[in-house]
Amino acid sequence: MTQNHVSGMEASAVSVLKRAVELDQGGRFQESLVCYQEGIQLLMDVLKAVKDDSKRGHFRDKIKGYMDRAEQIKSHVNQVKEDGKYHEQIRIAEDATGYSYEALFKPYISSLLTEVWVEDPYIRHIHQLYNFLRFCEMLVKAPCKVKRIHLLTTQDEAENCQQSYALDEMKQSLSALGMTLDVEYSSTIHDREIRFDNGWIIKIGRGLDYFKRPKGRFSVGYCDYDLRQCQETTVDIFHTKHTKSL
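As annotated in an unreviewed UniProt entry, the protein chain carries the name MIT, microtubule interacting and transport, domain containing 1 and comes from Takifugu rubripes.

This is the structure:
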């Protein structure tokens, strides 16, 4: 392994761990824990590649310090989850980027996740249907085995609307991958929330439709949601041991 490669890994580790500390200091513990774990793994890869004993000792000390903090956060998060008092809030600023569904939901997706409930009144228009499809694709790629997705939304009564056709196509596509999509309609739904059967509840002020429209089909951010600008919104995250009974 070349020195440049090692230096690159070290720079990546520093960047991820810096973000972990920022999230930690901001009280966003579940997100910080994920960053700590990723950063620690990167530092361990660097440690394996370094031959100099003094540098190896330096990296061991760094790894131990970050591991100790990660364990403290993990214990804290587990305790407040057990007490049913977990609440974390993320404020997405106007025009902010870096908030794709993968980035936002990753800290709350675990190997225990098998079923997801989405309540969002605005999965009707084409761009909203594409948002929901992106959300489903995120679950397909996630390191868990989601078997069923429930969607509760309002029905588009407009003539020649594509909502029903699009959702039916999603059902077929997901079915081919071993996942079931259940769709129900409500004329009175107002709240927006996503529930995971591993206990996490995510409430987004704007639902899944918190992205701004890209300036064009060939503009940066059209395909990669991490690069797409957001509308200002608030995300509230809770944990409960009785998600299915809500």
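A. Fine view of the overall build of the protein chain. Of regular secondary structure, the protein chain possesses 6 helices and 7 strands. Along the protein chain, helices and strands appear, N-terminal first, in the series α-α-α-β-α-β-α-β-α-β-β-β-β. Projecting the C-alpha coordinates of the protein chain onto the three principal axes gives extents of approximately 70 × 45 × 35 Å. By the burial criterion, 42% of the 246 residues in the protein chain qualify as buried. Summarising the internal contacts of the protein chain: among those between residues at least 6 apart in sequence, 75% fall at separations of at least 24. Here the protein chain displays about 14100 Å² of accessible surface, and carbon together with sulfur accounts for 49% of that area. On the protein chain, the mean spot of the 34 positive side-chain charges and the mean spot of the 36 negative ones are 4 Å from each other.

B. Quick peek at the UniProt feature "domain: MIT" (unreviewed entry) in the protein chain. Cross-referencing UniProt, the feature "domain: MIT" (unreviewed entry) maps to residues 6–84 in the present numbering. Helix makes up 91% of residues 6–84 and strand 0%, and the two end C-alpha atoms of the span are 43 Å apart.

C. Fine view of the packing of aromatic side chains. For the structure shown, the criterion picks out 12 aromatic pairs. Cluster of aromatic residues (ring-pair linked, three or more members): Y101, F105, F135, F196, Y210, F211 and Y225.

D. Up close: the pattern of salt bridges. Enumeration according to the criterion identifies 12 salt bridges in this entry. One salt bridge in this structure joins K106 and E38, with 2.3 Å as the shortest N-O distance. Of this pair, K106 sits in the loop between helix 4 (101–105) and strand 2 (115–119) while E38 sits in helix 2 (residues 29–49); the two residues are 68 residues apart in sequence, bridging distant segments of the chain. On the accessibility criterion, E38 (32% relative accessible area) is partly exposed.

What counts, and at which threshold
Residues numbered from 1 in each chain as written. Predicted model: local features only at pLDDT ≥ 70, side-chain atom pairs only at ≥ 80, totals over all residues. Heavy atoms only, no water. Helix = DSSP H or I, 4+ residues; strand = E, 2+ residues; numbered from the N terminus. Buried < 20%, exposed > 50% of the residue type's maximum accessible area, 1.4 Å probe, protein only. Contact = heavy atoms within 4.5 Å. Areas by Shrake-Rupley, 256 points an atom, 1.4 Å probe, with all protein chains shown as cover. Lys, Arg positive; Asp, Glu negative; His and termini not counted. Charge placed at Lys NZ, Arg CZ, Asp CG, Glu CD. UniProt positions renumbered as here; feature names shortened; annotations may be inferred. Phe/Tyr/Trp six-rings, centres within 6.5 Å; stacked < 30°, edge-to-face > 60°. Salt bridge = Lys/Arg side-chain N within 4 Å of Asp/Glu carboxyl O.

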